[in-house]
Amino acid sequence: NLTNTATLFYTDGDDVPQTLEDTADINIVEPQVALEKAIGTATTTVEIGSIVTYTLTLEHTAQSTTNAYDLIVTDVLPTEVGAVVVNYTTLDTAASTCDDGGRTLTDSYTAPTITFTLSSLDMPDTCTIVYTVTVNANALEGETYSNLTQVASVTTIPGSDPEERIERPTPTDSTDFTVSTATID
């Protein structure tokens, strides 16, 4: 909350100094969004060529006081010697819930970053983004890779408005996976 005080100083008709003062409280509302990331395999050890499913869950925290708009979520895929270890495969629109209830969810991929753009997250909604990646042949056997996802920005008004506040809350979550070592039978 902010308190705004206005004071008026003047001299009345009898040449007596006068003061008038009033205050108003302003309640600032801000969306507060939490992010959770899960890997959809029973084990975090995967083979080269494996398809790995990730689920991101977005929700309002207890401190959130308003809807969130124009959410941008990024997932930076791990790299090995400058090449991505996994390639983005697809957004699973059937399993994702962030594109229902009038919301739109879009995705784009420029290696090594996947970007998801969500039009809105109303209070107290929770939604999920489900997507897959494929482990590439340049992944090193026995190596553990970390995969970081973050909410890059959230706005307080839908659409593009020069008066809106752009929050950069950066809640993050990551998952690790290990590439299995080949065995000879």
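(A) Summary view of the pattern of salt bridges. Scanning the entire structure with this criterion turns up 2 salt bridges. Between K37 and D75 there is a salt bridge, and its shortest N-O distance comes to 3.2 Å. Of this pair, K37 sits in strand β3 (residues 33-39) while D75 sits in strand β6 (residues 68-76), and the two are 38 residues apart along the sequence. Residue K37 shares its accessibility class with D75, and that shared class is buried. Residue D125 pairs with R103 through a salt bridge whose shortest N-O separation is 3.4 Å. Note that D125 is positioned in the loop between β11 (113-121) and β12 (126-135) and R103 in the loop between β9 (86-91) and β10 (105-110), a separation of 22 residues in sequence.

(B) Representation of the nonpolar core in the model. Formed by 33 residues in total, the largest nonpolar core has its most connected members in L58, F116, I129, Y131 and F177. Going through the elements one at a time, β3, β5 (51-60), β6, β9, β11, β12, β13 (144-155) and β15 (172-179) are the ones with two or more residues in this core. Of all the elements, β12 adds the most residues to this core, at 5 residues.

(C) Fine view of the packing of aromatic side chains. If you walk through the whole model with that rule in mind, you get 5 aromatic pairs. Each ring, one from Y54 and one from Y131, has its centre 5.7 Å from the other, and the planes form 35°; the classification is tilted. Of the two residues, Y54 is situated in strand β5 and Y131 in strand β12; the sequence distance between them amounts to 77 residues. Y131 matches Y54 in its accessibility class, with the two residues each being buried. An aromatic cluster is defined as three or more aromatic residues linked by ring pairs; in this entry it consists of Y54, Y88, Y109, F116 and Y131. For K37, the ring lying beneath its charged end belongs to Y54, and the centroid distance is 4.5 Å.

(D) Representation of the state of the cysteines within the structure. Inspection of every chain in the model, using the stated rule, returns 1 disulfide. Here C98 engages in a disulfide with C127; their sulfurs sit 2.0 Å apart. Between C98 and C127, the S-S dihedral sits near 80°, and the bridge is therefore right-handed. Highlighted residues: C98 in the loop between β9 and β10 and C127 in strand β12, separated in sequence by 29 residues. One exposure class covers both C98 and C127, and it is buried.

(E) Expanded view of the environment of I157. By the secondary structure assignment, I157 is in the loop between β13 and β14 (166-167). The spatial distance from the C-alpha of I157 to the C-alpha of D176 is 35 Å, given a sequence separation of 19 residues. Setting aside residues up to four positions removed in sequence, I157 forms contacts with Y69, D70, E163 and E164.

(F) The arrangement of unusual backbone geometry in detail. Omega for the bond connecting A111 with P112 falls within 30 degrees of zero, at 5°, which places this linkage in the cis form. Residue placement: P112 occurs in the loop between β10 and β11. For the bond from M123 to P124, the omega torsion is -5°, close enough to zero to count as cis. The topology assignment puts P124 in the loop between β11 and β12. Phi at D15 is positive, roughly 65°, even though this residue is not glycine. If you trace the backbone, D15 turns up in the loop between β1 (2-11) and β2 (17-26).

About the criteria used
- Residues numbered from 1 in each chain as written.
- Predicted model: local features only at pLDDT ≥ 70, side-chain atom pairs only at ≥ 80, totals over all residues.
- Heavy atoms only, no water.
- Salt bridge = Lys/Arg side-chain N within 4 Å of Asp/Glu carboxyl O.
- Helix = DSSP H or I, 4+ residues; strand = E, 2+ residues; numbered from the N terminus.
- Buried < 20%, exposed > 50% of the residue type's maximum accessible area, 1.4 Å probe, protein only.
- Core = buried A, V, L, I, M, F, W, Y, C linked by side-chain atoms within 4.5 Å.
- Phe/Tyr/Trp six-rings, centres within 6.5 Å; stacked < 30°, edge-to-face > 60°.
- Lys NZ or Arg CZ within 6 Å of the ring centre and 35° of its normal.
- Disulfide = S-S within 2.5 Å.
- Contact = heavy atoms within 4.5 Å.

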